[in-house]
Amino acid sequence: RLELLNRLPKGSNVAELGVEHGLFSKEILERCQPAELVLVDTWPDLRIKETCVSNTQMSDNVFLQQTTSVIYLKTQSENSLDWVYIDTDHTYKTTKEELEAAAKTVKPGGFICGHDYTSISYSGLRRYGVVEAVNEFCVQYGYEFIYLTSETTRHVSYALRKL
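For the structure given in this document, a descriptive report is provided here.

What counts, and at which threshold
- Residues numbered from 1 in each chain as written.
- Predicted model: local features only at pLDDT ≥ 70, side-chain atom pairs only at ≥ 80, totals over all residues.
- Heavy atoms only, no water.
- Helix = DSSP H or I, 4+ residues; strand = E, 2+ residues; numbered from the N terminus.
- Rg over C-alpha atoms; globule rule 2.2 N^0.38 Å.
- Buried < 20%, exposed > 50% of the residue type's maximum accessible area, 1.4 Å probe, protein only.
- Contact = heavy atoms within 4.5 Å.
- Lys, Arg positive; Asp, Glu negative; His and termini not counted.
- Charge placed at Lys NZ, Arg CZ, Asp CG, Glu CD.
- Expected span 1.5 Å × (residues − 1).
- Axes fitted to C-alpha atoms, helices over the stretch in contact; angles between N-to-C directions.
- Left-handed = near helix turned anticlockwise from the far one by under 90°.
- Nonpolar A, V, L, I, M, F, W, Y, C, P; charged D, E, K, R; others polar.
- Salt bridge = Lys/Arg side-chain N within 4 Å of Asp/Glu carboxyl O.
- Core = buried A, V, L, I, M, F, W, Y, C linked by side-chain atoms within 4.5 Å.

1. A look at the overall build of the protein
Broken down by element type, the protein carries 6 helices and 9 strands. Scaling as 2.2 N^0.38, a compact globule of 163 residues should have a C-alpha radius of gyration of about 15 Å, and the protein matches this with 15 Å. On the principal axes, the C-alpha backbone points of the protein span a range of 40 × 35 × 30 Å. A buried classification covers 44% of the 163 residues belonging to the protein. Within the protein, residue pairs in contact and separated by at least 24 positions form 64% of the contacts whose partners lie at least 6 positions apart. The protein carries 17 positive and 22 negative side-chain charges, and their two centres are separated by 3 Å.

The following block contains the structure:
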């Protein structure tokens, strides 16, 4: 998934949905040098949020939004993001809602990206709904896979773009 970041546009307006400790956020900052990066998470534990702030070394172009991914996306202007990276609860319902809201928020030609394109969490044997939600979204709204990563952990990342 780090190689995926190397292939995404630099200097973009980006939102990462599901940030937790900010480790992937740090990679986005280093590899993509976004013009603006919005980190969206509910951060139910203050220590985790503080770790995220520390890991991302907050600067003028990084903003925190403590809310759900769907609420964040629905409150954004249409076509306001160049790309988004989704890594939240991995349920079918949430992923479907995120994809539909992201389709309105991401500019034409932009990317909807995400993590855990798999049907199960192999570490916790928990069912994921990401594959079904992403596949249905692509068919229903006319999106295509641009990138699909190869991960030894089987937690694949994807990048979609509207046909």
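2. Thoughts on helix α5 (residues 92-105)
For α5, spanning 14 residues, the distance from its first C-alpha to its last is 20 Å, which sits close to the expected 20 Å at 1.5 Å a residue. Within α5, the full set of buried residues consists of T94, T95, E98, L99, A101, A102 and T105. Next to the buried residues of α5 lie α4 (69-74), β4 (81-86), β5 (106-114), α6 (130-141) and β9 (158-162).

3. Concerning the environment of R7
Structurally, R7 can be placed in helix α1 (residues 2-7). Residue classification places R7 among the partly exposed positions, given a relative accessible area of 48%. Residues R7 and Y147 lie 140 residues apart in sequence; the distance between their C-alpha atoms is 9.1 Å.

4. A short note on the packing of α5 against α6
When two helices pack together, their arrangement is captured by the angle between the axes and the distance separating the axes. Orientation of α5 relative to α6, taken along the N-to-C sense of each, is 35 degrees, at an axis distance of 8 Å. Both α5 and α6 take part in a crossing whose hand is right-handed. Residues Y92, T95, K96, L99, E100 and A103 of α5 touch α6, and the partners they reach there are V130, E132, A133, V134, E136, F137 and Y141. Class assignment for the residues of the contact of α5 with α6 results in 8 nonpolar, 1 polar and 4 charged.

5. Section: α6
Structural remark: α-helix, 3.6 residues per turn; residues separated by three or four positions point the same way. The terminal C-alpha atoms of α6 lie 16 Å apart, and with 12 residues this matches the ideal 16 Å at 1.5 Å per residue to within 8%. For α6, the full list of buried residues reads V130, V131, A133, V134, F137 and C138. For α6, the elements touching its buried residues are α5, β5, β8 (143-148) and β9. Directly after α6, the chain includes G142, whose backbone phi takes a positive value near 75 degrees.

6. What to know about the side chain of E98
For E98, the position within the fold is in helix α5. At 10 Å, K93 is the nearest oppositely charged side chain to E98, a buried residue that forms no salt bridge. Excluding anything up to four places from it in sequence, E98 contacts S69, V70, L73, I86 and T88.

7. Describing the nonpolar core
Core analysis: the biggest nonpolar cluster contains 25 residues, and L99, I112 and L160 have the highest contact counts within it. Every element with two or more residues in this core is listed here: β1 (13-17), β2 (36-41), α4, β4, α5, β5, α6 and β9. Tallying contributions element by element places α6 first for this core, with 6 residues. Contacts of L160, omitting those with residues within four sequence positions, involve L99, G110, F111, I112, V134, F137, C138, Y143, E144, F145 and I146. L29, W83, C113 and A159 belong to the second-largest nonpolar core, a separate cluster that totals 19 residues.

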